[in-house]
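Next come the chains, spelled out residue by residue.
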Amino acid sequence: MVWSLQAPTDLSESQFVQWSKLLEERTGIQLSTQQKTLLQSQVAIRMRELGCEDYNQYFHDVTDGLTGLMEWSVLVDRLTVKETSFFRHRPSLEYVRRFLQHRIDNRQLDNSFDIWSVGCASGEEPYSLAMVANDCFELANLAPYYGITATDISQSALNQARRARYPQRKLEPLYPEEVQRYLTRTDDGQFEVAGKLRDRVCFSQGNITRIRTMPVIKMDVIFCQNLLVYFRRWLRRDILNAFADRLKPGGVLIIGLGEAVDWEHPELRRVVGDEVQAYVREERQKQ
Ligand SMILES: C[S@@+](CC[C@H](N)C(=O)[O-])C[C@H]1O[C@@H](n2cnc3c(N)ncnc32)[C@H](O)[C@@H]1O
């Protein structure tokens, strides 16, 4: 790695527009002008690492062919917000618990209970979902027939997620019995997620703005929080409509509170209540 001593100058307005357009085209993330400093500092740090002093040259490098794509995959990690935590919005996870519990109690389980965690960041969200699902299956004395697909655009976040090790401060949102059941202290003082949860979660890279090109796999639960908020309204609606096509009959879509204000879908029913924002796909009418 080559370090340059000279800091790049400020991004001009037109350069900011150029960079933020690229980010939005490729990730859906919309930056406000107030976020110029954030964009500038992250791009500048990366340029310094590469010994590049000219924004235009670096823009050309990032958008040029295969090597550009490789460089983009590094830069995108720096430009996305990856803040997350275990049980970040507990009411939404408790909704999943009641939803699954109801299925189990009423013997309505298919071969497998399938969950998709969209924008899973470093893994705390899908592992929280796995804790909930595992609790339900264990309580009912059933084999854990559930699977979680967890996707994110950021390769480094996915690498962290697959590692499944977290520092102690990350466990704060968990109840002591959840820590005891599902995490083990490792030699390096971190906490590792139990293998029986890790085995149920499959991580893969996916850009949700390209959802229309992804295979249609039907899900019981689609869980997408703190991601749509970065996108324009038309894009949110487009993605939400695509989520609706990916729900099994009776399946549920759960988003963050307020992340879609006026979205409706003819085949989904909004769950009543203001603690969670969830939409259930109506069961098909029996003929
Ligand atoms: C703020 S985090 C939210 C994490 C988790 N869902 C939560 O609520 O705690 C947003 C995540 O979405 C990912 N992301 C951003 N743009 C994306 C895109 N176009 N497709 C898939 N993931 C994306 C980021 O890399 C980041 O990990």
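Going by the annotation in an unreviewed UniProt entry, the name recorded for the protein chain is protein-glutamate O-methyltransferase, with Marinimicrobium koreense given as the source organism.

Enquirer: I tried to follow the domain arrangement of the protein chain on my own but got confused; where do I start?
Expert: Often, the extent of an interface is quoted as the loss of accessible area upon association of its parts. For the protein chain, the assigned domains are domain 1 (13-79) and domain 2 (90-281). Its C-alpha centre places domain 1 at a distance of 30 Å from the equivalent point of domain 2. Contacts between the two partners involve eight residues from domain 1, matched on the other side by 11 residues from domain 2. Counting the surface lost from both domain 1 and domain 2, the interface buries some 800 Å², and carbon and sulfur atoms represent 43% of this. Put simply, domain 1 and domain 2 have one salt bridge between them.

Enquirer: Explanation requested: the site of the ligand in the structure shown.
Expert: Around the ligand sit 22 residues, and of these T84, G119, E125, D152 and N226 come closest. Contact distances for the ligand include 2.8 Å between a nitrogen atom and a backbone N or O atom of T27. For the ligand, a nitrogen atom lies 2.8 Å from a polar atom in the side chain of E125. Summarising the interface, the protein chains cover 99% of the accessible area of the ligand, which totals 600 Å² for the free molecule. Split into classes, the residues belonging to the shell around the ligand amount to eight nonpolar, nine polar and five charged.

Enquirer: Just checking my understanding: could you explain the side chain of Q15 for this structure?
Expert: If you trace the backbone, Q15 turns up in helix α1 (residues 13-27). Beyond its immediate sequence surroundings of up to four residues, Q15 is in contact with D10, Y55 and N56.

Enquirer: Teacher, can you tell me more about the pattern of salt bridges here?
Expert: Two side chains bearing opposite charge may form a pair once their charged atoms approach each other closely. Summed over all chains, the structure comprises 27 salt bridges. For the salt bridge of E138 with R181, the shortest nitrogen-to-oxygen distance reads 3.4 Å. Here the residue E138 occupies a position in helix α6 (residues 124-139), and R181 occupies one in helix α8 (residues 176-182), the gap between them amounting to 43 residues. Overall, E138 belongs to the partly exposed group, its relative accessible area being 35%.

Calculation rules
- Residues numbered from 1 in each chain as written.
- Predicted model: local features only at pLDDT ≥ 70, side-chain atom pairs only at ≥ 80, totals over all residues.
- Heavy atoms only, no water.
- Domains from an automatic or database assignment.
- Contact = heavy atoms within 4.5 Å.
- Buried area = accessible area lost by both parts, 1.4 Å probe.
- Salt bridge = Lys/Arg side-chain N within 4 Å of Asp/Glu carboxyl O.
- Near = heavy atom within 4 Å.
- Polar contact = N/O pair within 3.5 Å; in protein donor to acceptor, adjacent residues only side chain to side chain.
- Areas by Shrake-Rupley, 256 points an atom, 1.4 Å probe, with all protein chains shown as cover.
- Nonpolar A, V, L, I, M, F, W, Y, C, P; charged D, E, K, R; others polar.
- Helix = DSSP H or I, 4+ residues; strand = E, 2+ residues; numbered from the N terminus.
- Buried < 20%, exposed > 50% of the residue type's maximum accessible area, 1.4 Å probe, protein only.

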